[in-house]
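Each chain, letter by letter, is given below.
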Amino acid sequence: MSRREFDDKLEAMEIQYFGHSCFRIKGKNAILLTDPFSSEIGLKMNKTSADIVIISHQHYDHNNSAVVIGTTKRQNPFIISGPGEYEISGVFVYGLASFHDQVKGAKRGANTIYVINMDGIKLAHLGDLGHRLTDEQLEEVNGVDILFVPVGGKYTIDAQQAVEVVGQIEPRIVIPMHYKLPGLKVVLAPVEEFLKNMGMEEVNPQDKLIITKEKLPEEREVVVLNARS
């Protein structure tokens, strides 16, 4: 590896998948964790460090902030659990109100979409979104580079609806989440249904995504990440 490649790797964003809707996003100045879950769902959630934790809604499979410890930069993680604008360690987070169902929250309540600006990359985590986005919501997620989208159905949008939402947002990279995994007690559809609806014949899962603003693809890519055990 050349010195330039080594320096580029140090500056790159690293995204790991812990399963369900939980990702660890490591940037130059901060680590952000999304929707930490309780091990009651059948997946193992170890203690992990982060500067920022975002929680899309208050269900046990998305709000287990007790497993998150601080970092060398921040003794206690900054926890965000609803709509609003936040700036922590150079990371800008915007929480956008939405719903967990198609009937304005009557069945499953509220959900928060998070738009994250980190290291020049714009990411959006849709949480347990249950509906297509409104024009007002689309204005806020306009220009997203990396989209984390639920695809497993039953409690969220399903595979076909997820394809429609991807078409609304038009991100450069799509990372599916909230789908069937070995050991998961929550009954969800497999990720293959989403990939089929996206017209993807084969996607090789990766252990992590390492990306910089300069390396974002011109054409849309779907990245499936292996759940870290």
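Keep in mind the model is a prediction, meaning the values are calculated, not measured. (Residues numbered from 1 in each chain as written. Predicted model: local features only at pLDDT ≥ 70, side-chain atom pairs only at ≥ 80, totals over all residues. Heavy atoms only, no water.)

Caption draft 1: Examining the pattern of salt bridges more closely. Under the counting rule described, the total for this entry stands at 2 salt bridges. One salt bridge in this structure joins Glu14 and Lys208, with 3.6 Å as the shortest N-O distance. Separated by 194 residues along the polypeptide, Glu14 in strand β1 (residues 13-19) and Lys208 in the loop between α4 (191-197) and β14 (209-211) bring together distant segments of the chain. Residue classification places Glu14 among the partly exposed positions, given a relative accessible area of 21%. (Salt bridge = Lys/Arg side-chain N within 4 Å of Asp/Glu carboxyl O. Helix = DSSP H or I, 4+ residues; strand = E, 2+ residues; numbered from the N terminus. Buried < 20%, exposed > 50% of the residue type's maximum accessible area, 1.4 Å probe, protein only.)

Caption draft 2: The layout of surface pockets, seen in detail. The calculated volume of the second largest pocket comes to roughly 240 Å³. If you trace the second largest pocket, you find 17 residues lining it, with Val191, Glu192, Leu195, Pro205 and Val224 closest to the centre. Split by residue class, the lining of the second largest pocket holds 11 nonpolar, 1 polar and 5 charged. (1 Å grid on protein atoms, 1.4 Å probe; cavity = no way out; pocket = protein on both sides within 12 Å on 5 of 7 lines; lining within 4 Å. Points joined across faces, edges and corners; volume = space filled by probe spheres on them. Nonpolar A, V, L, I, M, F, W, Y, C, P; charged D, E, K, R; others polar.)

Caption draft 3: The pairing of strand β8 (residues 84-88), seen in detail. With 5 bridges connecting them, β8 and strand β9 (residues 91-99) associate as antiparallel partners. Residue pairing across strands places Gly84 opposite Gly95, the latter belonging to β9. Turn length for the β8-β9 hairpin, with the two strands adjacent in sequence and antiparallel, is 2 residues, and the turn residue Ser89 shows positive phi of about 50°. (Pairing = 2+ DSSP bridges.)

Caption draft 4: Spotlight on the sheet that holds strand β12 (residues 146-150). Taken together, 7 strands build an open sheet; the order of strands is β8-β9-β10-β11-β12-β13-β15 and the sheet is mixed. In this open sheet, the two strands that pair with only one neighbour each are β8 and β15 (221-222). In this structure, strand β10 (residues 110-118) lies alongside strand β11 (residues 121-125), joined through 5 bridges in antiparallel fashion. Counted as the bridge partner of Met118 is Ile121 from β11. In the packing of helix α3 (residues 159-169) onto the sheet, contacts are made with β12 and β13 (173-177), and the angle to β12 comes to roughly 155°. (Contact = heavy atoms within 4.5 Å. Axes fitted to C-alpha atoms, helices over the stretch in contact; angles between N-to-C directions.)

Caption draft 5: Region of interest: the nonpolar core. Ile15, Leu123, Ile146, Val149, Ile175 and Phe194 are the most contacted members of the largest nonpolar core, which has 74 residues in total. Ranked by residue count, the leading element in this core is α3, at 6 residues. Those residues in contact with Leu123 that lie beyond four places of it in its chain are Met13, Ile15, Ile25, Tyr114, Val115, Ile116, Met118, Val144, Ile146 and Phe148. (Core = buried A, V, L, I, M, F, W, Y, C linked by side-chain atoms within 4.5 Å.)

Caption draft 6: Fine view of the sheet that holds strand β3 (residues 31-34). Taken in spatial order, the 6 strands make up an open sheet running β7-β5-β3-β2-β1-β14, and their pairing is mixed. Both outer strands of the open sheet, β7 (78-80) and β14, are each paired with one neighbouring strand and no more. Across the sheet, the mean angle separating the axes of adjacent strands is 15° when strand polarity is ignored. Bridge count between β3 and strand β5 (residues 52-54): 3 bridges; the pairing is parallel. Residue pairing for β5: Thr34 is matched across the bridge by Ile54.

Caption draft 7: Examining the packing of aromatic side chains more closely. Per the counting criterion, the structure on display carries 4 aromatic pairs. The interplanar angle of 25° and the centroid separation of 4.6 Å between the aromatic rings of Tyr17 and Phe23 together place this pair among those described as stacked. The same class applies to Tyr17 as to Phe23, namely buried. The buried category is assigned to Tyr17, whose relative accessible area is 1%. Taken together, the ring pairs in this structure connect Tyr17, Phe23, Phe148 and Tyr179 into an aromatic cluster. (Phe/Tyr/Trp six-rings, centres within 6.5 Å; stacked < 30°, edge-to-face > 60°.)

This is a description of form; function is not addressed.
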